[in-house]
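# Geometric and topological summary
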Amino acid sequence: MLMAGCRKEVGVIAPETTQLMNPGEYGSGMDFYLLNEGNMGSNHCSLDFFNHSAGTYALNIYESVNPSVTLGLGDVGNDIEIYGGKLYVVVNGSGKVEVLEKGSAVKLCQIEVPNCRSLAFWNSKVFVTSYNGFVGVVDTSVLQNGAGSVQLDKQIAVGREPEGLAVAANQLYVANSGGYSPPLYDHTVSVIDLNTLSVSKTIDLGINLNDVQADNYGHVVVSARGNYAEVAPSFYVLDASTGEVLKHEQIPVGNFAISDSILYYFTSSYQANNQKVSYKRYNLKTLSAIAGSFLTSNLSEKIQFPYALKVDPKGNRILISDAGDYTSPGTLYWVDMEGNVLWQVQTGEIPGHIAFL
Amino acid sequence: MINDNLGSIRKISSFLAGWIGLCIFILLSGVLTAQSSIHSLPTRNKNTERPVADTSLPFNDSANILQDVNLYTTILPAVISCIDPIQVITRKYPVWQDGLSVSDMVRYFSGVQLKDYGGVGGLKTVDVRSLGTRHTAVLMDGLPLENAQNGQVDLGKYGLNDLSSISIYKNQNSQIFQPATAFASSNAIYLESRMESLDSLRPQKGSLSMGTGSFGLYNGSFYGAKRLSNLFQIEASVDAMTTKGDYPYTYTNGVYDTTLKRNNGDVKRFNGKLSLYGHFEDSSALSVIVYGFRRQMGLPGAIVSNKFTNKERQDESDFYGQTSYFKPVGTKDKIKVQFKYNYNYLKYSNPEINKLYLVNGDTIKGVLANHYRQSSYFFSAANLYQILPGWDLDLSADVHYDHLRMDLNGLENPYRWTYYGAIASYVTISRVQLAGNLLYTNVRDHQQINDGIIGKQKLSPAFSASWQPFEGLPVKFRSFFKKSFQMPTFNDLYLTQYNQTELRPENSEQYSLGISYYKGWSGLFKNLQLELDGYYNEVKDKIVAIPTTSLFRWQMVNLGLAKIKGLEFTAKSTFELNGWLLLSTLEYTYQDARDYTKPGSVTYKNELPYIPRHSGSFILSILKDRFGMNYSFIYDGERYSERFNSLVSYVPAWYTHDVSFNYRLPIKGPLTSALLLSVDNVFNQHYDVIENYPMPGRNFKIGVQFDF
C-alpha cells in the first residue's frame, strides 16, 4: 500500500502521429494500413494508418479505436486485406481474423480460425488458410457489427500448413508449405473450384511453397522457399485457368508484389543473413527479368531486413519496410519509381503487411 | 554525443583509477604488516575465516557448528569472512519454511532478478547484476548442475526439503579449494544439501512434513539422517508436490477488465536423494550422493488476445550421481577429487501441431514431440597447498563431457569436451584478504552437421581484495574484478539450421567495490549488518537470436554490448525484548543497464529488457517462544519487456506482501510438531514478472511438520 504510488498502469495507449508531408502534398496516392506482426508470444501485433491527404502516419491505432477488446489486436499479425467495406486482419497467434470497419478501424466482429495465415475473397466469401491444413470459408453476410465470434461455415481440407492463396479464373490457388515437418516439406498447390468449394486438382510444384498472387494477365505466381540449403528459393508462373506451369524462375525470391504486369521482388538471404539482397523487377507479360534495381544502392545498403513490399496502385509509389533486427521497431520507406526515398517513418515491431484503402 | 562518450570514458577511467588505487593501498598495507601477522598468528584456523560451503568436509562445516549455537542471534554472517559480496539464506531463517522451491528464496536477494514465468511450473531463472541468465552457474554441493542445452538452470525444479542453505556469490566462491569450473561463471548460486550433526546420543534425526494450499497444491516430504558407525552417516530425502495451478488472473487497460483462470498449469514434481558421508581418522572425508527427479507439467503459455488456453506439455527426468573424496596430505597439503555423472531427459510436446515423421523409411503422422537427452560426465581434481600460514595456493583441473541427443530434424547429436585449469591463491595478511585466480578454458565442440571440431581456448582472470582498516571498527572494504565468458549453448549452435561455426563466446567484465559493517551487542539491539556495493559490468558479444527469411528459423549472432551500473544495499538487524525476537532484512538494488550495441539506432542506450531500475525486499520475522511470524515485501520497479523502450513494451512495477505464521509444539522427547500457515500476495495484486505470463494472486498454504 505504501508503494502504491510507484505502480503506474499504462491504460489505453494513444496513437503516436508523425507528420510526414504537408497536407495535400502526397498527390494521388492512397491511404493505407500497415500491420506490424509483433514477436510471437509478445501480443504486440499493431496497426498503423497513413492518411494521405493529411500527410500523417499514426502508429498503433487499434487500441485507442477499440479499447474494450481484451488484450487488443493480439499476437502475430500475418495478413491484412480490405474487401468491400471491411478491413480484415489475420492474427495468427490469437487464432482470429478481426473484421473492422474499413474507414474507422472500429471492430465489427471476429472470425475464429486456429493458426490462421492468409486471406482471399471471392463474391461474398472470405477464405483464410490455416496451418491446421484447411482453407476456412465464411460468408460476409454474417460478419455484422455485434456478431461477436463467428465460426467458419466450412473447412476445405488442403495440403500441409497452407500459406498464401489467391483467386484467379474462378479458382482458388493455395500454396502448401509443410513447414512443420522439415525436411518433409509439402510441395503442392491445391486448386479449389470456387463454385463447388472443393479441391479440383493438386499441382506438384516444389518444396516449401509460400506466397500466391495473381496478375491481370491470367497468371498465378507461386513462390517457393526451398529448404534453406541446397534447394534454393524460386518462383513459378502458372496459367491461371489450366494451372499449367508456364515458367519456373530460379530466382531466390523473398517477398514480392505485383503491380499490373510488373512483379517487384527482393531476394531472400536464404543461406546466411549476410547474403546480399537485391531489389528487382520481373515482367509478367514477357516472362522475363528486368535489369536493374528498383532501389538506390544507398537504400538497399541501409535496409537490414526487407519485409513488407507493396506498390501503390494509384500513386506509382513503392512501399518497402525494414524489419531491422525484429526485436525493435522497423522502418517504412515510401519510394518513387526512380528509387528516391520521399519519406521514411518508424513503425511498430516487424512491419509486415500493407492494405490500401 | 562525443562529449557524452568522453564523459562515460572518464567515468570509467576514474572508477578504474579508484579501484586500482584501493588495490595498491591494500597491497602496500598488507606487505607492511605481513611480517608481524604471520608470526603472531601462526595457528589461525582457516575454517572460521573462509566462507562455508565445503561439503566434502561434512563434520568440519562451520555453518553446522554455528547453527548448533543459538539459532538466530549468533550466526556470524558470511559477510565477515567472505572477501566478495555474498548473500546466504539457510534453513534456520524463518522464511525458509514458507517456500516450495529454491526460486522462492532467491527472490529475496539483492542484485538478483528472478525471471518468473508464473505459477509453480513456470520457468524460474535468475539474472544476477544484469549480466544475463547464462552467466550464473548453479552448483549443488560444489558441483555444477549442467544444462548444456540452453545454459540456464530452472530454480523451480529444486525443492527446499533436502537443502540446508542457498548462497549467491556475486563473484565466485572465494573458498578457493574447489573445482576449476567454479571459477568459470560470472557469478554463482550454491545449493548445499541438508546435513545433520549426529553423535552417539542423537544417532538419528528426521522430519516429515505435509501441506496443502490454493489451486490444488499438495506437498509432502520426508528427510532422515542416521549415523551408521563412528565413520559413516547416511541421509535420505523424498519430496513430492502436485498442483493444478488453475489460479485466477486479471488483465485490464482501464476499459476492459478481464478475469480468467490459468489453464494447463498443472505440475507433478517428485525428487529423492540419498547421501552417504564418511569421515575417517586421517581427517579424510568421502561423500556419495545419488539424486533423481521427475516433473510432468503443462506449459500454460503466454496469455495473448483471444488465446487463453494452451496444450503444450513438458516431461522431465533428471538423475545424477556424484562422489567427492577429500584427503589431507601432511599438514600443508589437501587433495580433493570429485566425479559426477548427470543425465537429463526432456520431452516437449504440442498436441495442437501435427507433423510428419520419417521412421525407418515410413512417413508417419503424429503430434509434435521433441526429445532431448543430455549426458554429462564431470571429473575434477583440486590441490590446496599452504605456502605459509595465511597463504594458500590452489591448483584445480576439471574435465567435462556433454552429449546431447535431440530429434528435431533427426541430425543433431552434438557433444562437447571442456577442459578447465585454474590456479588460485588466497592470502590473509592481518586485516587484508587477497584472492586471485587465472582460469584456462579449452572447449572442443564436435558437430555432426559438418563433421568438424571447433576448438576455443581462453584465459580469464579474477582478482578480489578486502580490507578492514581498523582493528576495533568492524568496517570492511571489498572489491573485485573479473573477466569471464560463456560458450554458446547447444541450443544456440544447433537449434537453427545454419551452421553456426562463427558464433563466439559471450564475454563479461565486472568491477565491484563495496563496504560492509557488522557488529553484535549484548543488549536489546543484538546486531546490525550493513552492506553497500557499487558495480560496473560490461557484456560484449551478447548472443542473441535474430530471424532469417522465415520466422520459424532464427539465427544466433554475436550482437550487442550492454553496460550496467548498479548499487546494492543490505541492512540486517536483530532486536530482542522480553523474549520477543525481531529479525529484519532490507535489500535494495539500483540498476542502470543499457544497450550500447548500435549508436544511432532506436534502441541505443535503452534499458535492457526486464531490468528494473529499482527493486528490493523487506523481511521481518517475529519470534516469541513457540510462536513465529514472517512478513515479507518484494518490490520490482517498472521495466520494459523489449529492447526498444516504449509504452507498448512497458511493464508496470509490482509488489507483494506475504505473511506466514507458525506454532511449534513439543510432543514427546525429541519429537516436536509445527503448524504452518501462510498467505502470499495478501492484497491480491495481479501482475506479470514476464509480460503475458500472469502471476498468482492471493493464495494460502497450510502445513504441518514433525521433527524427530
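The structure presented is a predicted model; accordingly, all values stated were derived computationally and were not measured.

What counts, and where the lines are drawn
Residues numbered from 1 in each chain as written. Chains lettered and ligands numbered in written order. Predicted model: local features only at pLDDT ≥ 70, side-chain atom pairs only at ≥ 80, totals over all residues. Heavy atoms only, no water. Helix = DSSP H or I, 4+ residues; strand = E, 2+ residues; numbered from the N terminus. Buried < 20%, exposed > 50% of the residue type's maximum accessible area, 1.4 Å probe, protein only. Contact = heavy atoms within 4.5 Å. Areas by Shrake-Rupley, 256 points an atom, 1.4 Å probe, with all protein chains shown as cover. Lys, Arg positive; Asp, Glu negative; His and termini not counted. Charge placed at Lys NZ, Arg CZ, Asp CG, Glu CD. Core = buried A, V, L, I, M, F, W, Y, C linked by side-chain atoms within 4.5 Å. Pairing = 2+ DSSP bridges. Phe/Tyr/Trp six-rings, centres within 6.5 Å; stacked < 30°, edge-to-face > 60°. Lys NZ or Arg CZ within 6 Å of the ring centre and 35° of its normal. UniProt positions renumbered as here; feature names shortened; annotations may be inferred. Buried area = accessible area lost by both parts, 1.4 Å probe. Salt bridge = Lys/Arg side-chain N within 4 Å of Asp/Glu carboxyl O. Nonpolar A, V, L, I, M, F, W, Y, C, P; charged D, E, K, R; others polar. Axes fitted to C-alpha atoms, helices over the stretch in contact; angles between N-to-C directions. pLDDT = per-residue confidence, 0-100.

### Here's the deal with the overall build of chain B
- Counting secondary structure elements, chain B contains 5 helices and 35 strands.
- Counting the 708 residues in chain B, one finds 58% classified as buried.
- Taking all contacts inside chain B whose residues are at least 6 apart in sequence as the whole, residues at least 24 apart take part in 64%.
- Looking at chain B as shown, the accessible area adds up to about 28300 Å², and 62% of this sits on carbon and sulfur atoms.

### Quick word on the overall build of chain A
- Within chain A, the regular secondary structure consists of 2 helices and 30 strands.
- A principal-axis box enclosing the C-alpha atoms of chain A has dimensions of 70 × 50 × 40 Å.
- Counting over 357 residues, chain A shows a buried share of 61%.
- When contacts within chain A are restricted to residue pairs at least 6 apart in sequence, those whose partners lie at least 24 apart make up 46%.
- Just so you have it, chain A exposes about 12700 Å², and 48% of that area is on carbon and sulfur atoms.
- Each charge sign in chain A was given a centre, from 21 positive and 34 negative side chains, and these centres are 1 Å apart.

### Some points on the environment of B:Phe463
Residue and element names in this part refer to chain B.
- Secondary-structure assignment places Phe-463 in strand E21 (residues 453–467).
- Judged by relative accessible area, Phe-463 falls into the partly exposed class, the value being 27%.
- For the pair Phe-463 and Asp-398, spaced 65 residues apart in sequence, the C-alpha to C-alpha distance is 21 Å.

### As for the nonpolar core
- With 39 residues, the main nonpolar core has B:Val102, B:Ile166 and B:Leu191 as its most contacted residues.
- Residue assignment for this core shows that the elements contributing at least two residues are helix H4 (102–106), strand E2 (112–116), strand E3 (124–128), strand E4 (136–140), strand E6 (163–169), strand E7 (187–193) and strand E14 (285–298) of chain B.
- Ignoring any residue separated from it by four or fewer positions in sequence, one finds B:Ile166 in contact with B:Gln87, B:Val88, B:Ile89, B:Trp96, B:Val102, B:Met105, B:Val106, B:Phe109, B:Leu160, B:Ile189, B:Tyr190 and B:Leu191.
- Counting 23 residues, the second largest nonpolar core, distinct from the first, contains A:Tyr180, B:Val267, B:Leu408 and B:Leu503.

### Examining the pairing of strand E2 (residues 32–36) of chain A
Residues and elements named next belong to chain A.
- Among the 5 residues of E2, 5 are classified as buried, and the element is accordingly described as predominantly covered.
- Burial along E2 is two-sided: the residues Phe-32, Leu-34 and Asn-36 and Tyr-33 and Leu-35 are all buried.
- Pairing of E2 with strand E3 (residues 46–51) involves 5 bridges; the strand directions are antiparallel. Note that in E3 the partner of Leu-35 across the bridge is Leu-47.
- By the bridge criterion, 5 bridges tie E2 to strand E30 (residues 351–356) in an arrangement that is antiparallel. Counted as the bridge partner of Tyr-33 is Ala-355 from E30.

### So, the environment of A:Met40
All names here are of chain A.
- Along the chain, Met-40 falls in the loop between E2 and E3.
- Along the chain, Met-40 and Gly-179 lie 139 residues apart, while their C-alpha atoms are 16 Å from each other.
- Those residues in contact with Met-40 that lie beyond four places of it in its chain are Asp-75 and Val-76.

### Digging into the packing of aromatic side chains
- Taken as a whole and judged by the stated rule, the model has 41 aromatic pairs over all chains.
- An angle of 5° between the planes, with centres 6.3 Å apart, marks the rings of B:Trp417 and B:Tyr419 as stacked.
- A relative accessible area of 31% places B:Tyr419 in the partly exposed class.
- Seen in terms of ring centroids, B:Tyr640 and B:Tyr650 are 6.0 Å apart; in terms of plane orientation they differ by 75°. Their pairing is edge-to-face. With B:Tyr640 in strand E31 (residues 639–640) and B:Tyr650 in strand E32 (residues 650–651), the pair connects residues that are 10 residues apart, well separated along the chain.
- The class for B:Tyr650 is buried, based on a relative accessible area of 7%.
- Ring pairs connect the aromatic residues B:Phe319, B:Tyr341, B:Tyr377, B:Tyr401, B:Tyr415, B:Trp417 and B:Tyr419, which therefore count as one cluster.
- A cation over an aromatic ring shows up here: A:Arg117 above the ring of A:Tyr131, its NZ or CZ 4.4 Å from the ring centre.
- Directly above the aromatic system of B:Tyr108 lies the positively charged group of B:Arg107, at a separation of 5.3 Å from the ring centroid.

### Focus on the UniProt feature "domain: TonB-dependent receptor plug" (unreviewed entry) in chain B
- The UniProt record annotates "domain: TonB-dependent receptor plug" (unreviewed entry) at residues 85–177 of chain B.
- What you have in residues 85–177 of chain B is 5% helix and 31% strand, and the ends, taken at the C-alpha atoms, are 18 Å apart.

### Quick word on the interface of chain A and chain B
- The interface is formed by 61 residues belonging to chain A together with 58 residues belonging to chain B.
- Considering only the surface of chain A that becomes buried against chain B, A:Arg7, A:Leu71 and A:Tyr180 emerge as the three largest contributors, covering 14% of it.
- The interface formed by chain A and chain B contains 1 salt bridge.
- The partner of B:Arg643 in a salt bridge is A:Asp325, with the nearest N and O atoms 2.4 Å apart.
- Elements with a contribution of two residues or more to the side of chain A that touches chain B: strand E8 (107–112) and strand E29 (341–349) of chain A.
- Class assignment of the residues belonging to the side of chain A that touches chain B gives a composition of 23 nonpolar, 25 polar and 13 charged.

### Topic: the pattern of salt bridges
Residue and element names in this part refer to chain B.
- Under the defined criterion, the tally for this structure stands at 40 salt bridges over all chains.
- Among the ionic pairs, Lys-273 bridges to Asp-162, the shortest N-O distance being 3.9 Å. Here Asp-162 lies in the loop between strand E5 (143–144) and E6 and Lys-273 lies in strand E13 (residues 267–279), a separation of 111 residues in the sequence. Considered together, Lys-273 and Asp-162 belong to a single accessibility category, that of buried residues.
- Of the charged contacts, one joins Glu-509 and Lys-540 as a salt bridge, the two residues approaching to 3.4 Å between their closest N and O atoms. Taken together, the positions of Glu-509 in strand E23 (residues 506–520) and Lys-540 in strand E24 (residues 525–540) put the pair 31 residues apart, joining distant regions of the chain.
- Glu-509 gets classed as buried once you look at its relative accessible area, which sits at 15%.
- Salt bridges sharing partners connect three or more residues here, namely Asp-154, Lys-157, Arg-295, Glu-316 and Asp-318.

### Let's talk about the sheet that holds strand E26 (residues 306–311) of chain A
All names here are of chain A.
- Across the sheet, which stays open at both edges, the 4 strands sit in the order E26-E27-E28-E29 with antiparallel pairing between neighbours. Each edge of the open sheet carries a strand with a single partner, namely E26 and E29. Across the sheet, the mean angle separating the axes of adjacent strands is 20° when strand polarity is ignored.
- Where E26 meets strand E27 (residues 318–322), 4 bridges bridge the pair, whose relative direction is antiparallel. By the bridge assignment for E27, Pro-306 is matched with Asp-322.

### As for the environment of B:Met241
Residues and elements named next belong to chain B.
- Counting through the fold element by element, Met-241 comes out in strand E10 (residues 232–243).
- Spatially, the C-alpha atom of Met-241 lies 9.4 Å from that of Arg-295, the residues being 54 residues apart in sequence.
- Apart from the residues within four sequence positions on either side, Met-241 is in contact with Val-120, Leu-217, Tyr-218, Asn-219, Val-267, Lys-268 and Arg-269.

### A word on the confidence of the model for chain B
- Looking at chain B as a whole, the pLDDT averages 85, with 85% of positions reaching at least 70.
- Contacts from residues 1–74 of chain B, a stretch scored under 50 in pLDDT, to residues over four places away or in other chains number 100 contacts.

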